[in-house]
Amino acid sequence: MVIKPIVEWRSPLFKYVFLGLFLPLSGVYGLAALVRRMAFRRFVRPCRVRVPVIGVGSLSVGGSGKTPVVQFLAEELVRRGIRPGVVSSGYGKTSPGVTVVSDGQRLLADVRESGDEAYMMASEFLEKGMAVPVVAGSDRAAASEELVHRFDIQTMLLDDGFQYLRLRQDHVVIVQDFVELGYAQVPLPVGRLREFPSARSHADVVLTTKVPESHEAGPGSSGLRYVPLWIERATDRLTYDVEVLRGKTVFAFAGLGHHAAFLRQLEHLCAEHGARLGGYSEFQDHHWYRASDVEPVCAKLKKTAPGSSIVLTTPKDAVKISTEWLHPFTDSLYLIRSAIRPIGPTVWLDELIARSLAAGRTAHH
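Conventions used here
For every chain, the first residue of its written sequence is number 1, and the numbers climb from 1 along that sequence. Thresholds applied to this predicted model are a pLDDT of at least 70 for local features of residues and 80 or more for the giving and counting of side-chain atom pairs; totals over whole chains, interfaces and linings are not thresholded and use all residues. Side-chain numbers here rest on the full set of heavy atoms in the structure, without hydrogens or water. For the purposes of this entry, the term helix denotes a DSSP run of H or I that reaches at least four residues, the term strand denotes a run of E that reaches at least two, and both are numbered from the N terminus. Throughout, radius of gyration means the C-alpha value; the globule benchmark is 2.2 Å times the number of residues raised to the power 0.38. Burial classification: accessible surface area is computed with a 1.4 Å probe over protein chains only, and a residue below 20% of its type maximum counts as buried, one above 50% as exposed, and the rest as partly exposed. Each accessible area is a Shrake-Rupley estimate made with a 1.4 Å probe; only the visible protein chains count as cover when residues are assessed. Axes here refer to lines fitted to C-alpha atoms; in helices the fit is confined to the stretch in contact. Angles between the N-to-C directions go from 0 to 180 degrees. For classification purposes, an angle smaller than 35 degrees is called roughly parallel, one larger than 145 roughly antiparallel, one from 65 to 115 roughly perpendicular, and anything else oblique. What makes a crossing left-handed is the near helix being turned counterclockwise from the far one by less than a right angle; a clockwise turn instead makes it right-handed. Should any heavy atoms of two residues lie within 4.5 Å, those residues are considered in contact. For this scheme, ten residues count as nonpolar: Ala, Val, Leu, Ile, Met, Phe, Trp, Tyr, Cys and Pro. Four count as charged, namely Asp, Glu, Lys and Arg, and the remainder, Gly too, count as polar. With strands facing away from the observer, any crossover in which the path from the first strand over the helix to the second runs clockwise is taken as right-handed. The salt bridge definition used is simple: a Lys or Arg side-chain nitrogen within 4 Å of an Asp or Glu carboxyl oxygen. Paired strands, in this sense, are two strands between which DSSP finds at least two bridges. What a helix should span is 1.5 Å times the count of its residues minus one. The directions from the helix axis to the C-beta atoms are what the arc is built from. Two rings from Phe, Tyr or Trp (for Trp, the six-membered ring) form a pair when their centres sit within 6.5 Å of each other. Planes less than 30 degrees apart are called stacked, planes more than 60 degrees apart edge-to-face, and all others tilted. Only when the NZ of Lys or the CZ of Arg is both within 6 Å of the ring centre and within 35 degrees of the ring normal is a charge said to sit over the ring.

Would you mind showing me how to read the overall build of the protein chain here?
Counting secondary structure elements, the protein chain contains nine helices and 13 strands. In terms of C-alpha radius of gyration, the protein chain reaches 21 Å, essentially the compact-globule figure of 21 Å for 365 residues. Projected onto its principal axes, the C-alpha coordinates of the protein chain cover approximately 65 × 55 × 40 Å. Here the protein chain holds 365 residues, and 52% of them are scored as buried. A total of about 17,000 Å² of accessible surface is found on the protein chain, and carbon and sulfur atoms cover 56% of it.

This is the structure:
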């Protein structure tokens, strides 16, 4: 069962009954987060590293698109001739302490040792020919020291850094899911927020992610749109135009922090390309899959004609799936490859990179 905040519950009756009961707890949760942030600012001296740090985080509990934005910023930095490195929390990783996932030339740890998001980022950087080292560790201050000590980087990107106050962040980016804007903006357990909405004032940039094609970012706001580029077969990494979905039944599954946005993307993708969404299975964020998790998907595939159906998941989920579990349907598992496209002017991006470079020159001297 996937545990969700009350604002995501489907039953209106249960939603509004429990919303009234637990709203005081949301106030207590938000107040505790506020006191924590104030205490850190007043009594704790954050660690510093010798390169500028761009922290990418979110007010919500997950699924807002932090990691894809980190990848997008890393690509933009590389494109402009800047050498970035990435620090991830490595959530769920089995190796203790700090793990060097990639040195920018090769992978140095597997997905279990790295954590799914760190491994996915490192793999995709290498596939694109980007020499971006990735280091993971729950002690991100120690992981940051390891990164800057071992690698010649000019800027560091900190994934999920907004609530990590032990490390000095020169520039703070908050991402918020477009779908989340329709929810009550309150902390857990009623809402999806880890802090009161007023905490956005601590960010330099607030980005709305996963903005649908039917909407714009809005005056005075910045947005990012995810554009599906192709689908990729998990067994051999062969890529296919999204049009290959036409006429097929799509079964999908994912382990995400927020399923509503991905489900909406799937529905739009199927409608646009003449496919039918036959089912969607939800798993908890960072779920480590077992063979039994994919058995229901195989059972659905057996009921369809050969070649008439396809299984879709995300890159983060695909790195944790053994294709042997889908035998004899190993050629049916695909992942969606998407690109991030900024909506409207990218002044925020230009300023972020310019300020990062300026901070880097100051630190160097």
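There is more to say, and it comes next.
What is the right way to read the packing of helix α2 (residues 66–79) against helix α4 (residues 116–127) from this model?
For any two helices packed against each other, the geometry comes down to the angle between their axes and how far apart the axes lie. Closest axis-to-axis distance for the α2/α4 pair is 11 Å, and the angle between their directions is 30°. Between α2 and α4, the interaxial angle falls into the category roughly parallel. The handedness of the crossing between α2 and α4 comes out as right-handed. For the pair formed by α2 and α4, the contact residues are Thr-67, Val-70, Gln-71 and Ala-74 on the first element and Glu-117, Met-120, Met-121, Glu-124 and Phe-125 on the second. For the contact of α2 with α4, a count of residues per class yields five nonpolar, two polar and two charged.

Looking at this structure, how should I read the pairing of strand β10 (residues 249–255)?
Along a regular strand, successive side chains alternate from one face of the sheet to the other. A large share of β10 lies buried, amounting to seven of its seven residues. Burial along β10 is two-sided: the face carrying Thr-249, Phe-251, Phe-253 and Gly-255 and the face carrying Val-250, Ala-252 and Ala-254 are both buried. Handedness of the β10-helix α6 (residues 259–272)-strand β11 (residues 276–283) crossover: right-handed.

Where do I start with the environment of Lys-66 in this structure?
Residue placement: Lys-66 occurs in helix α2. Overall, the relative accessible area of 11% leaves Lys-66 in the buried class. Counting along the chain gives 109 residues from Lys-66 to Val-175, while the straight-line C-alpha distance between them is 6.4 Å. Setting aside its immediate chain neighbours within four residues, Lys-66 contacts Val-56, Gly-57, Ser-58, Asp-159, Asp-160 and Val-175.

Could you clarify how one ought to interpret the pattern of salt bridges in this entry?
Counted by the stated rule, this structure contains 27 salt bridges. In this structure, Arg-37 engages Glu-195 in a salt bridge whose closest nitrogen and oxygen atoms are separated by 2.7 Å. On the criterion of sequence distance, the pair formed by Arg-37 in helix α1 (residues 12–43) and Glu-195 in the loop between β6 (171–177) and β7 (205–209) is long-range, its members being 158 residues apart. Looking at Arg-37, the relative accessible area reads 7%, which means it is buried. The buried category is assigned to Glu-195, whose relative accessible area is 5%. Overlapping salt bridges, with partners in common, bring together Glu-124, Glu-127, Glu-232, Arg-237 and Arg-337 in one network.

Before we go on, may I ask you to explain the pairing of strand β8 (residues 222–233) in this structure?
In the sheet, β7 pairs with β8 via two bridges, with the strands oriented parallel. Paired with Thr-208 across the strands is Gly-223, a residue of β8. Looking at chain direction, β8 and strand β9 (residues 239–240) are connected through two bridges and run antiparallel. When the sheet's bridge partners are listed, Ile-231 is paired in β9 with Tyr-240. Between β8 and β9, which pair antiparallel and follow one another directly, the connecting turn spans five residues, one of which, Arg-237, has a positive phi of 65°.

Is there a simple way to explain unusual backbone geometry in this structure?
Across the junction of Leu-188 and Pro-189, the peptide omega takes the value 0°, indicating a cis bond. Structurally, Pro-189 can be placed in the loop between β6 and β7. Cis geometry is adopted by the peptide bond preceding Pro-328, which originates at His-327 and carries an omega value of 5°. Within the element layout of this structure, Pro-328 appears in the loop between α8 (315–318) and β13 (333–343).

Which parts of the structure should I look at to understand helix α7 (residues 291–302)?
Residues lying three or four places apart along an α-helix face the same way, a consequence of the helix completing one turn every 3.6 residues. Compared with the 16 Å implied by 1.5 Å per residue over twelve residues, the 16 Å span of α7 between its first and last C-alpha is a close match. The set of residues buried in α7 consists of Asp-293, Val-294, Val-297, Cys-298 and Leu-301. Seen end-on, α7 carries its buried residues on one side only, within an arc spanning 130°. In the core, the buried residues of α7 are packed alongside β10, β11 and β12 (309–313).

Is there a simple way to explain the packing of aromatic side chains in this structure?
Working definition: an aromatic ring pair is given by the centre-to-centre distance plus the angle between the planes. Enumeration according to the criterion identifies eight aromatic pairs in this entry. Taking 5.3 Å as the distance between ring centres and 65° as the angle between the ring planes, the aromatic pair formed by Trp-9 and Phe-18 counts as edge-to-face. Overall, the relative accessible area of 28% leaves Trp-9 in the partly exposed class. Between Phe-253 and Tyr-289 the ring centres are 5.6 Å apart and the planes differ by 70°, which places this aromatic pair in the edge-to-face class. Within this pair, whereas Phe-253 is found in strand β10, its partner Tyr-289 is found in the loop between β11 and α7, the two being separated by 36 residues in sequence. Per residue, the accessibility class of Phe-253 equals that of Tyr-289, and both read buried. Through pairs of rings, three or more aromatic residues link up here, namely Trp-9, Phe-14, Phe-18 and Phe-22. Sitting over the ring of Trp-288, Lys-320 keeps its end group 5.4 Å from the ring centre.

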